[in-house]
Amino acid sequence: MHAAFALAVALAAAASPAAAQVCKKDLLVDDFAKTQTAVIANETRQVDLLGGDYGAVGVGWKVDTAKKAMVLTSLNGTSNFWFAKFDAGACFDLTGYSAIDFDLVGPAGSDMQFTLTQKLPDCSERAPDGSDSAYLALSKYAKMDGTKKHVSLPLADFAKNINGSNYDFIHLKDFTPVNLGPTGAVFEMSNLVLKGGCGVPGTGTNTGTAPSATGGSPAPTGSGSSPQPTQPGQKNGGVRAAAGGMLGAVVAAVVAAVL
Ligand SMILES: *[C@@H]1O[C@H](CO)[C@@H](O)[C@H](O)[C@H]1NC(C)=O
Ligand SMILES: *[C@@H]1O[C@H](CO)[C@@H](O)[C@H](O)[C@H]1NC(C)=O
Ligand SMILES: *[C@@H]1O[C@H](CO)[C@@H](O)[C@H](O)[C@H]1NC(C)=O
């Protein structure tokens, strides 16, 4: 009887969400105090403090170590994106985090949107069209007026993908600001942090600072109402997609070009 009881307790514990609850502390993605590079898929890339690379199409980007900011310039207000990955393999598990926080300076009237792009569950390649999170407008969180604003994007707000299904937070490809505009707008992003929390975002189990319990996920944007920027995925042409499969073998040796 004792053994059976112990087994039952063990099974109950295993089934309990509390037992599986993973909590994480705040994680600094980049303070932009220096720049560093790493070799990812045989390519030397500029990376953040987590070893994930930066990149963009239609956006000029440069770390200003004096300002401790990533300076982003919209080169094409019609269609552009900039991305930050949180790991070298572009398959980051957001379990235990609650929000993406940063400070942002942008000209009055400027705006942008945010999406979380999606990796396949085996981390090999980008998931098919429609899998990225719904796009969220910066103006929902902060109005740009030329002064520094704190922006906190609750991960729970990204809970639905473009097609209206659940976004898979365990296989983040990258954090992607898109449609920075208008053309010519210059933004300064600083103190990029993954805020700690508990559980998987958007499931109601996340007890971080995000108001996940009350929902807050945006209405799924179908292809009609969704702003239709170039899918950020176009940054991942055949070469990068092919390289994806090799990521297990990637040695992200930081060669530290400290300025
Ligand atoms: C990286 O270089 C090695 C050695 O030249 C090569 O075998 C491998 O295929 C390359 N990987 C990628 C992703 O290009
Ligand atoms: C801006 O992007 C759009 C969509 O990709 C493209 O058609 C247009 O040529 C681009 N404009 C400039 C100035 O690069
Ligand atoms: C999303 O919807 C589009 C249009 O119906 C479809 O082509 C695509 O396969 C869907 N994507 C996913 C991941 O379900």
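Look above for the structure.
Trainee: Honestly, the sheet that holds strand β13 (residues 172-181) in this entry has me stumped. Any pointers?
Mentor: In space, the five strands of this open sheet follow the order β5-β8-β13-β10-β11, with antiparallel pairing throughout. The open sheet has two edge strands with one neighbour each: β5 (54-57) and β11 (136-137).

Trainee: When you look at the pattern of salt bridges in this model, what are you seeing that I'm missing?
Mentor: Should the charged atoms of two oppositely charged side chains come close, the side chains can pair. The full count for this structure, using the stated rule, is nine salt bridges. Note that R45 and E43 form a salt bridge whose closest N and O atoms lie 3.3 Å from each other. For K149, the salt bridge identified is with D145, shortest N-O distance 3.1 Å. The exposure class of K149 is partly exposed, given its relative accessible area of 24%. What makes D145 partly exposed here is its relative accessible area of 40%.

Trainee: Sorry, what's going on with the site of ligand 3 here?
Mentor: Taken together, D129, S131 and N163 make up the full set of residues near ligand 3. D129 is positioned with one of its backbone polar atoms (N or O) 2.8 Å from a nitrogen atom of ligand 3. The contact in question runs from an oxygen atom of ligand 3 to an N or O atom on the side chain of N163, over 2.4 Å. Isolated, ligand 3 exposes 370 Å² of accessible area, and the fraction of that covered by the protein chains is 33%.

Trainee: What am I meant to see in the state of the cysteines here?
Mentor: Throughout this description, disulfide means a covalent bond between two cysteine sulfur atoms. In the structure shown here, the tally under the stated rule is two disulfides. Each sulfur in the disulfide pair C23 and C198 lies 1.9 Å from the other. For the disulfide bridge between C23 and C198, the dihedral angle about the S-S bond is near 110°, and by the sign convention the bridge is right-handed. With C23 in strand β1 (residues 23-24) and C198 in strand β14 (residues 186-198), the pair connects residues that are 175 residues apart, well separated along the chain. The exposure class of C23 is partly exposed, given its relative accessible area of 46%. The class for C198 is buried, based on a relative accessible area of 14%. There is a disulfide in this structure between C91 and C123, and the S-S distance comes to 2.0 Å. For the disulfide bridge between C91 and C123, the dihedral angle about the S-S bond is near -65°, and by the sign convention the bridge is left-handed.

Trainee: Got a minute to help me understand unusual backbone geometry in this structure?
Mentor: If a residue is not glycine, its phi is most likely negative; likewise, a peptide bond is most likely trans. For the bond from G181 to P182, the omega torsion is 0°, close enough to zero to count as cis. Mapped onto the fold, P182 is located in the loop between β13 and β14. Of note in the backbone geometry, A90 takes a positive phi value of approximately 55° without being a glycine. Secondary-structure assignment places A90 in the loop between β8 (81-84) and β9 (97-105). A relative accessible area of 4% places A90 in the buried class.

Trainee: What is the right way to look at the nonpolar core in this model?
Mentor: The tendency in soluble globular proteins is for nonpolar side chains to be buried as a group. Of all hydrophobic cores here, the largest spans 38 residues; its most connected members are F86, L94, I100, F102, L104, L116 and F175. If you list the elements that add at least two residues to this core, you get β6 (59-64), β7 (69-74), β8, β9, β10 (111-118), β12 (149-154), β13 and β14. Counting residues in each nonpolar core, the second largest holds five residues, with F81, F83, I162 and V178 among its members.

Trainee: It is not clear to me how the packing of aromatic side chains should be interpreted in this structure. Could you clarify?
Mentor: Geometry of an aromatic ring pair is reported as the spacing of the ring centres plus the angle between the planes. Applying the stated criterion to the full structure yields ten aromatic pairs. Of the aromatic side chains, those joined through ring pairs into one cluster are F86, F92, Y97, F102, F114 and F175.

Trainee: So what exactly am I meant to see when it comes to the pairing of β10 here?
Mentor: Consecutive residues of a regular strand have side chains that alternate between opposite faces of the sheet. For β10, the buried fraction is high: seven of the eight residues fall into the buried class. Alignment of β10 against β13, held across six bridges, turns out to be antiparallel. Across the sheet, Q113 pairs through a bridge with V178, a residue of β13. As paired strands, β10 and β11 are joined by two bridges and run antiparallel to one another. Bridge pairing in β11 places F114 opposite L136.

Trainee: Honestly, the side chain of T115 in this entry has me stumped. Any pointers?
Mentor: Tracing the backbone through its elements, the reader meets T115 in strand β10. When its relative accessible area of 0% is taken as the criterion, T115 is described as buried. Separated by 2.8 Å, the side chain of T115 and the backbone oxygen of S133 make a polar contact.

Trainee: Got a minute to help me understand the environment of Y54 in this structure?
Mentor: When you line up the elements, Y54 lands in strand β5. Assessed through its relative accessible area of 1%, Y54 is described here as buried. A sequence separation of 31 residues divides Y54 from K85, and the C-alpha atoms of the two residues are 6.6 Å apart. Beyond its immediate chain neighbours, meaning those up to four positions away, Y54 contacts D30, F32, R45, Q46, V47, D48, W61, M70, W82, F83 and A84. A distance of 2.5 Å separates the side chain of Y54 from the side chain of D30, its partner in a polar contact.

Reading the values: the criteria
- Residues numbered from 1 in each chain as written.
- Chains lettered and ligands numbered in written order.
- Predicted model: local features only at pLDDT ≥ 70, side-chain atom pairs only at ≥ 80, totals over all residues.
- Heavy atoms only, no water.
- Pairing = 2+ DSSP bridges.
- Helix = DSSP H or I, 4+ residues; strand = E, 2+ residues; numbered from the N terminus.
- Salt bridge = Lys/Arg side-chain N within 4 Å of Asp/Glu carboxyl O.
- Buried < 20%, exposed > 50% of the residue type's maximum accessible area, 1.4 Å probe, protein only.
- Near = heavy atom within 4 Å.
- Polar contact = N/O pair within 3.5 Å; in protein donor to acceptor, adjacent residues only side chain to side chain.
- Areas by Shrake-Rupley, 256 points an atom, 1.4 Å probe, with all protein chains shown as cover.
- Disulfide = S-S within 2.5 Å.
- Core = buried A, V, L, I, M, F, W, Y, C linked by side-chain atoms within 4.5 Å.
- Phe/Tyr/Trp six-rings, centres within 6.5 Å; stacked < 30°, edge-to-face > 60°.
- Contact = heavy atoms within 4.5 Å.

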